[in-house]
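# What the coordinates show
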Amino acid sequence: MNTTRHWPQRAFILSRALSRAFSDTPSPTFPLKHVTRSNFESALVELRSHVRAADFVAIDMEMTGVTSAPWRESFEFDRFDIRYLKVKDSAEKFAVLQFGVCPFRWDSLKQSFIAHPHNFFVFARQEIPLDRTSYEFLCQTTSMDFLAKYQFDFNACIHEGISYLSRGQEDEARKRLISPKGDQLTHPSHNLRETTDLPLVRVADVLFTERMKKRLGEWRDDLLQNRVGGPQEEKVPDDLNQQFRTVFFKMRPALSLDGFTSHQLSLIRMEEVKTDHQRRAEMKINAAVGFRHVIDLLSSENKLIVGHNCILDIAHVHSKFLAPLPSTAEEFVSCVNKYFPSIIDTKILLNADYTLQRKMKRSSTSLSSAFSLLCPEIAHGFTRNVLSYEPCVKVEVHVDEMRSSNWNSGAKHEAGYDAFMTGCVFAQACSHLGIDFQLHSPSENLTQNEKLQKHMNLLYLSWINGDIIDLRTGNRSAELSGSNMIRKPYRKILFKNILLLWGFPSKLKPSMIRDCICKTLGPTSVICTYGIDQTAVFVQFSKAELVSDFLNLKETLEQSNDAISHLHPLSQLLEGGNTHAASYETYKEICASPISKVLFADQAEAVGIKWKTELLPSDKEESHDNTRSHLESAMDSPQAVEKSKSRNTEDVVNDSSNKRFCDDIIDSFLKVEKIRRTTNL
């Protein structure tokens, strides 16, 4: 009865639900071409035609991690060359799991870009035995968890991922191919190696080999001529008839050799076997090159390469597919510029225009945020309101035979989709910079566009403080004008004024370390302290000479074992005997090491500089003597401190707090001496 009474209402609700379902049919999922080992060859042929016709190609990658240790993250106190070393470390230690490649071509008839997003699964494995070591890489748990959150298919990556050889590895493989043991690339058989390694040294062997080549060629030609009627009886002398007999093996004609010595059989086989093995080795090497064929394609076509905050992507390309990363940024960019002379970082473009800066508000310069803000029609699949005044560059996606301009965005953080988003952001940013694609002709090369030239080959080496690297020179480039309108100002860092301190007692915090040093060198001696991790800090002094003063004073106190040393304000910092200090150059030495310990203090010990105390270039002995005389004069008179030549900081010496500190030392010394005398009595 109740069911009957409520039926009209339920029917109405059902009717509305069905109506909404048909009127608001969800857009299809994003069309993305996934490429694995099984379809790589055909996809490469297709990609080659798309890249050749493209105006630009957007790329993106998914990796197994970013930083191998917390202290290897990008810090405000990292110098330009050290920022590169941290990027280098990341690219060397982590693997690329997905590589997104998306060519964009402007269609003047449709007045839109045609995008072809490809999502390559990549997994390095040993396809040919270059050496006996297997590939190794690190996995950062946060990165792997992040990929899993977005349903990354790890099984497809590991089992079906496309392997690769770098250019250097390919060269090594080809050298082995032409070496005496080159056939090991395809066949490890000892007997076969003996055959292919057999030298021709006797004239009789050479003549016999040539005669057999001619005989085998005649046999093959005869088979081809008599294919229809079948093999015919050969008109040859009886002795050769006995030695060469045509037989069938697995329904195919074959040649049976009788009456030859083992040496003669080896000579007969040698040339043919060598040729066959070289052919198979060539095929195996070409197959093992794998995904690097895509990198070679992008390089050879000389297209504009577009990435988002892509310095790490480019470093991975260099490390995985070109050659091991060099130790300096200058060498790195020289190689990159050789293979990819035109690169655009969309993050540079987003900060090159004041209107874009205000729109992005700096906190939203991530790729997904930029895509949603600049490309709402593409990102969300709706038609822009007629009242909107902002232009929107149209993009249509082609994957195989499917074409679409309406879809659901759900493939974020798959490299192919991220490459597509990067290309869309680039197109919209170009529109804001005044590039009108409606006037763009197929013959026009974007790499020569005047409005893009000043932004080309500039990458953010660090987004934290706006460090930009110029890929043409390897030098640091000033941040683009206008970007400082929104970016918060950072303090000026003088690296010669910085002390590296590590291994101190765990109870000490950066603020406590600052207090210890200020009690010794004066309240204005330290500008700031910056924590690297719980085991290390940077101390920025007000003057460069204070770095040497501190290092020498520390060394003096550690060599002394008297009451003064134990009562010194630095004793709290030096407690335990594991506190070490050095100038900023030691920090570079530690960062350049391939070792990665979790804690910085452990890293320094592993690198082998646990007991190293490095001074700035100066007369070490003179500085050391001046520091010692300063310490000794403190026992006699606080005024004598002012005469210390090693410090040359009268404002610190004359400070009243410093005089009180000297008085405290003398009082403490007198008390200790009184106790000692009383005890002796």
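What counts, and where the lines are drawn
- Residues numbered from 1 in each chain as written.
- Predicted model: local features only at pLDDT ≥ 70, side-chain atom pairs only at ≥ 80, totals over all residues.
- Heavy atoms only, no water.
- UniProt positions renumbered as here; feature names shortened; annotations may be inferred.
- Phe/Tyr/Trp six-rings, centres within 6.5 Å; stacked < 30°, edge-to-face > 60°.
- Helix = DSSP H or I, 4+ residues; strand = E, 2+ residues; numbered from the N terminus.
- Buried < 20%, exposed > 50% of the residue type's maximum accessible area, 1.4 Å probe, protein only.
- Lys NZ or Arg CZ within 6 Å of the ring centre and 35° of its normal.
- Pairing = 2+ DSSP bridges.
- Axes fitted to C-alpha atoms, helices over the stretch in contact; angles between N-to-C directions.
- Contact = heavy atoms within 4.5 Å.
- Salt bridge = Lys/Arg side-chain N within 4 Å of Asp/Glu carboxyl O.
- Polar contact = N/O pair within 3.5 Å; in protein donor to acceptor, adjacent residues only side chain to side chain.

- With an unreviewed UniProt entry as reference, the chain is termed Poly(A)-specific ribonuclease PARN isoform X2, source organism Gossypium hirsutum.
- Its UniProt record gives the chain a comment under Sequence similarities (unreviewed entry), which states: "Belongs to the CAF1 family."
- As its UniProt record puts it under Cofactor (unreviewed entry), the chain is described as follows: "a divalent metal cation".

## So, the packing of aromatic side chains
- If you walk through the whole model with that rule in mind, you get 35 aromatic pairs.
- Plain terms: the ring middles of F56 and F426 are 4.7 Å apart, the flat faces sit at 65° to each other, and that makes the pair edge-to-face. Of the two residues, F56 is situated in strand β2 (residues 56–63) and F426 in helix α18 (residues 415–432); the sequence distance between them amounts to 370 residues.
- Taking relative accessible area as the criterion, F56 reaches 0% and is therefore assigned buried.
- Note on F120 and F291: the rings are 5.2 Å apart at their centroids and 65° apart in plane angle, and the pair reads as edge-to-face. With F120 in strand β5 (residues 118–121) and F291 in the loop between α10 (262–289) and α11 (292–300), this pair connects stretches of sequence that are 171 residues apart. Each member of the pair, F120 as well as F291, is classed as buried.
- An aromatic cluster is present here, built from F30, F56, F104, W106, F113, F371, Y417, F420, F426 and F437 joined pairwise through their rings.
- Note that R79 overlies the ring of F495, its terminal NZ or CZ placed 6.0 Å from the centroid.

## Considering the sheet that holds strand β18 (residues 580–583)
- Spatially, the four strands line up as an open sheet ordered β16-β17-β15-β18, and their pairing is antiparallel. Every other strand in the sheet has two partners, leaving β16 (526–533) and β18 as the edge strands with one partner each. Between one strand axis and the next, the sheet turns through 20° on average, direction left out of account.
- For β16 and strand β17 (residues 536–541), the ladder comprises six bridges, and the chain directions are antiparallel. Within β17, the position partnered with D533 by the bridge is A536.
- Most of the contacts of helix α24 (residues 584–591) go to β18, to which it runs at about 100°, and overall it touches β15 (498–502), β16, β17 and β18.
- Sitting on the sheet, helix α25 (residues 600–607) touches β15, β16 and β17, and the angle it makes with β15 is about 95°.

## Section: the pattern of salt bridges
- In this structure the tally under the stated criterion is 22 salt bridges.
- A salt bridge links K507 to E575; its shortest N-O distance comes to 3.3 Å. Of this pair, K507 sits in the loop between β15 and α20 (510–521) while E575 sits in the loop between α23 (571–574) and β18; the two residues are 68 residues apart in sequence, bridging distant segments of the chain.
- We classify K507 as partly exposed; its relative accessible area is 47%.
- Salt bridges linked by common partners bring R167, E170, R174, E282, R292 and D296 together as one network.

## Some thoughts on the side chain of N497
- Within the secondary structure, N497 is located in the loop between β14 (476–477) and β15.
- Judged by its relative accessible area of 4%, N497 is buried.
- Here A544 takes part through its backbone nitrogen, which lies 3.4 Å from a polar atom of the side chain of N497.
- Sequence-distant contacts of N497, that is, excluding residues within four places in its chain, are made with V539, Q540, F541, S542, K543, A544 and V547.

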